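In case you want the letters, here they are:
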Amino acid sequence: MKERKEVFQTDSEIPIKPTYEAPKQTGEQPGQYPFTRGVHAGMYRTRLWTMRQYAGFSTAEESNKRYHYLLGQGTSGLSVAFDLPTQIGYDSDHDFAEGEVGKVGVAIDSIKDMEALFKGIELGKISTSMTINATGFILLAFYVALAKRQGADLTRLAGTIQNDILKEYAARGTYIYPPRPSMRIITDIFEYCSKELPRWNTISISGYHIREAGSTAVQELAFTLANGKAYLKAAQAVGLDINVFARRLSFFFNAHNNFFEEIAKFRAARRMWAKMTKEMGATEPKAQMLRFHTQTGGSTLTAQQPLNNISRVTLQAMAAVLGGTQSLHTNGYDEALSLPTEEAARIALRSQQIIAHESGVTDTVDPLAGSYFVEQLTNEVEARAWEYINKIDVMGGAVKAIEEGYMQEEIARAAYAWQKEVEREEKIIVGVNQFTINEESEVPIFKVDDTIRQVQIEQLKELKAGRDATKVKACLATIRQHAVDNINLMPVVIEAVENEVTLGEISDELRGVFGEFQG
């Protein structure tokens, strides 16, 4: 009988054999080094993953309504999306912000916006993940200042800032400053949080955006861990203890449709990070553990036959769970068309809840352990990822590899190859290059009101008219001096936002010291 295609391989071009032999048994147990089978002995028998829904749009007031809705539907953690001006350090009244305010996330200019964003939500009782990088330190400052106003115990404050600037240079583009001063800001955050916010995840080292840019699963894993290694080295270079700061590093991975390769990727990631941190001096198990958040693959969603995306998202979410994720965001089926509607967000959350409570996959730890295919695929993914990492090490590390364009070129090459395979119908995308229909979409579209920029501008005018201009000037001068003298920026940035200095003003002050990166 003829096979249905000539070549069987994963999306990373790992050949798939028709059958597999029994793998060598290592005797490794969940919760033990190198954590291939999971970071906790009991995994989901003890505690389910945190179910997050990524939300943020328009004004802080509108986003706040969505957060209350999601919390009421059973989500256990909030994930905040910020608009493009906020991500690259411009207030809503800046000329460069025109046409972008509130479009891909919420606009946050000041502490007053942050207060509105979390109105009626006690920061000491929730976990908040913020997808923010170049201005991550400022958004963290807003969050800390608001928590202090609420009377929260900062030592119990839980959450994550993405804060992964290296992948911005490699794959995404929302950077402000050059790589080296950006790395300095990140180590400032590590140092501050290790003393003041011990439960806060100081960075979420992101493979998600590397994958969205077109990388393979192996490249996503390799480049993410190479970036992680660069952060470890940068922190050690300023005298931080790896056994302390590495406990609060987390990761953010993508989940795509190649089910078993995704599971293998997650299992390999834990094992590789454990080996990497141990080689760099980590002796505490919590400093060797790779804890990660997963988001289902936005780039896999199709505008054609959008309801098919519910199946894609469910498949991807199941791979993340079987791979041992610590938190999970599931995309709305309509996200190839617009920001998700409330209905789409609810269905996405229900998909997680059905997996958790109806599928039975959470009843045992690492249910695919010992699978001939999964174990050998895990080994193969790991081996290919180490090849990339070793090559990057020879180049001088991730920062050097990014400066020379190596990662960017590899991602672009993989993205081009994928697209050509889709066009040749060597890769089938249901509803796109096969199984198509003539359709007129009846999916409701979520639209953001274009007038919100004017709302933000008026609020900024009111803020600036009512604040103490002398204190603002003094705060900005102190920030500049700390930047020049290489003194930790976090305490003075927190003081500044408490005195109603805006995100754009802080970003501009540091532009004057560090300059801007021209990618």
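Residues numbered from 1 in each chain as written. Predicted model: local features only at pLDDT ≥ 70, side-chain atom pairs only at ≥ 80, totals over all residues. Heavy atoms only, no water.

Across the interface, helix α6 (residues 179-196) lies against helix α19 (residues 490-498) with an axial gap of 9 Å and an inter-helix angle of 85 degrees. Taken as axis vectors, α6 and α19 run roughly perpendicular relative to one another. In this structure, α6 contributes Asp188, Ile189 and Tyr192 to the contact, and α19 contributes Met490, Pro491 and Ile494. When the residues that make up the contact of α6 with α19 are grouped by side-chain class, the tally is five nonpolar, no polar and one charged. (Axes fitted to C-alpha atoms, helices over the stretch in contact; angles between N-to-C directions. Helix = DSSP H or I, 4+ residues; strand = E, 2+ residues; numbered from the N terminus. Parallel < 35°, antiparallel > 145°, perpendicular 65-115°, else oblique. Contact = heavy atoms within 4.5 Å. Nonpolar A, V, L, I, M, F, W, Y, C, P; charged D, E, K, R; others polar.)

All right, on to unusual backbone geometry then. With an omega of 5 degrees, the peptide bond between Tyr33 and Pro34 qualifies as cis. Following the sequence through the fold, Pro34 ends up in the segment before β1 (50-55). Phi at Phe35 takes a positive value of approximately 65 degrees, unusual for a residue other than glycine. Mapped onto the elements of the fold, Phe35 is located in the segment before β1. The residue Glu500 is not glycine, and still its phi comes out positive at about 70 degrees. On the basis of relative accessible area, Glu500 is assigned to the buried category, the value being 15%. (Buried < 20%, exposed > 50% of the residue type's maximum accessible area, 1.4 Å probe, protein only.)

Attention now moves to helix α12 (residues 308-322). Over its 15 residues, α12 runs 22 Å from end to end, which matches the ideal 21 Å to within 8%, given 1.5 Å per residue. Regarding α12, the residues found buried are Asn309, Arg312, Val313, Gln316, Ala317, Met318, Ala319, Ala320, Val321 and Leu322. Against β7 (249-255), α10 (259-279), β8 (292-296), β9 (327-329) and α13 (342-358) lie the buried residues of α12. One or two residues past the end of α12 sits Gly324, with phi positive at roughly 95 degrees. (Expected span 1.5 Å × (residues − 1).)

Turning to its location among the elements, Gln353 is positioned in helix α13. Looking at Gln353, the relative accessible area reads 17%, which means it is buried. In terms of polar contacts, Gln353 uses its side chain to reach the backbone carbonyl oxygen of Gln73, at 3.4 Å. The residues touching Gln353, leaving out its near neighbours within four places in the chain, are Met51, Gln73, Gly74 and Glu358. (Polar contact = N/O pair within 3.5 Å; in protein donor to acceptor, adjacent residues only side chain to side chain.)

What follows covers the nonpolar core. Taken as a class, soluble globular proteins show a tendency for nonpolar side chains to be buried jointly. Core analysis: the biggest nonpolar cluster contains 135 residues, and Phe118, Met130 and Ile506 have the highest contact counts within it. Sequence-distant contacts of Met130, that is, excluding residues within four places in its chain, are made with Val80, Phe82, Met114, Leu139, Leu140, Tyr143, Thr160, Ile161, Gln162 and Trp200. (Core = buried A, V, L, I, M, F, W, Y, C linked by side-chain atoms within 4.5 Å.)

It is worth spelling out the pairing of strand β4 (residues 158-161) at this point. With burial as the criterion, each face of β4 is covered, one bearing Ala158 and Thr160 and the other bearing Gly159 and Ile161. In this sheet, β4 lies alongside strand β3 (residues 127-131) in parallel orientation, the contact comprising four bridges. What sits directly across from Met130, in β4, is Ile161. For the crossover that starts at β3, traverses helix α4 (residues 136-150) and ends in the parallel β4, the hand is right-handed. (Pairing = 2+ DSSP bridges. Right-handed = clockwise from strand over helix to strand, strands pointing away.)

This next bit is on the environment of Leu221. As for its position among the elements, Leu221 is in helix α8 (residues 217-237). Under the relative-accessibility criterion, Leu221 is labelled buried at 0%. When the C-alpha atoms of Leu221 and Thr174 are compared, they prove to be 21 Å apart, with 47 residues separating the residues in sequence. Sequence-distant contacts of Leu221, that is, excluding residues within four places in its chain, are made with Phe253, Lys265, Ala268, Ala269, Met272, Val381 and Ala385.

This brings us to the pattern of salt bridges. Considering all chains together, one arrives at 34 salt bridges under this definition. Arg267 is the salt-bridge partner of Glu375, the closest N and O atoms lying 3.2 Å from each other. Within this pair, whereas Glu375 is found in helix α14 (residues 372-395), its partner Arg267 is found in helix α10, the two being separated by 108 residues in sequence. Three or more residues joined by partner-sharing salt bridges are found here, namely Arg37, Arg267, Asp366 and Glu375. (Salt bridge = Lys/Arg side-chain N within 4 Å of Asp/Glu carboxyl O.)

Note on placement: Gln87 falls in helix α2 (residues 84-87). According to the relative accessible area criterion, Gln87 is buried, its value standing at 7%. A polar contact is formed between the side chain of Gln87 and the side chain of Arg172, at a distance of 2.9 Å. Not counting residues within four places of it along the chain, the set of residues in contact with Gln87 comprises Phe82, Val104, Ile132, Ala134, Thr135, Arg172 and Thr174.

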